[in-house]
Amino acid sequence: MNDGFWLTLPQPCPYCGAPNDGHAAASAAVTSPPEPGDASICAYCHAIGIYCAEGIRLPTRDEAEQLATDKDIQAAVLLSKAWGREN
Ligand SMILES: [Zn+2]
């Protein structure tokens, strides 16, 4: 059991290149580290990427459209931005 936070090798954001090396779950229900296909929100630029075997990639057009209307993802983006302003 962990606290919903995992450290990994730095995975560059596909938008800004920031070396994200910590991954926090957006929900207490998440008890395992991110897997390929899961969404990622950059801690630096707050853009949404997709975990893949090589790291984090840009979403496809279909994924981007789905993510833009996912209320949980959009809430997580807002929290990421708020956290970024505080730290
Ligand atoms: Zn970024």
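Structural data are supplied above this passage.
The shown structure was predicted, so the numbers you read here are calculated from the model rather than taken from an experiment.

### Some points on the nonpolar core
Logical step 1: In this structure, Cys13, Ala39, Ile41, Cys42, Ile48, Ile50 and Ile56 together form the largest nonpolar core, which totals seven residues.
Logical step 2: Those elements that place two or more of their residues in this core are β3 (39-41) and β4 (48-52).
Logical step 3: Sequence-distant contacts of Cys13, defined by excluding residues within four places in its chain, comprise Ala18, Asn20, Cys42, Tyr44, Cys45, Ala47, Gly49 and Ile56.

### Some remarks on unusual backbone geometry
Logical step 1: Look at His46: it is not a glycine, yet its phi comes out positive at around 65°.
Logical step 2: Along the chain, His46 turns up in the loop between β3 and β4.
Logical step 3: Using a count of 19 C-beta atoms within 10 Å as the deciding quantity, one classes His46 as partly exposed.

Here is what the cut-offs are and how they apply
Residues numbered from 1 in each chain as written. Predicted model: local features only at pLDDT ≥ 70, side-chain atom pairs only at ≥ 80, totals over all residues. Core = buried A, V, L, I, M, F, W, Y, C linked by C-beta atoms within 7 Å. Buried ≥ 20, exposed ≤ 12 C-beta atoms within 10 Å, placed from the backbone. Helix = DSSP H or I, 4+ residues; strand = E, 2+ residues; numbered from the N terminus. Contact = placed C-beta atoms within 7 Å.

On their own, these measurements won't tell you what the molecule is for.
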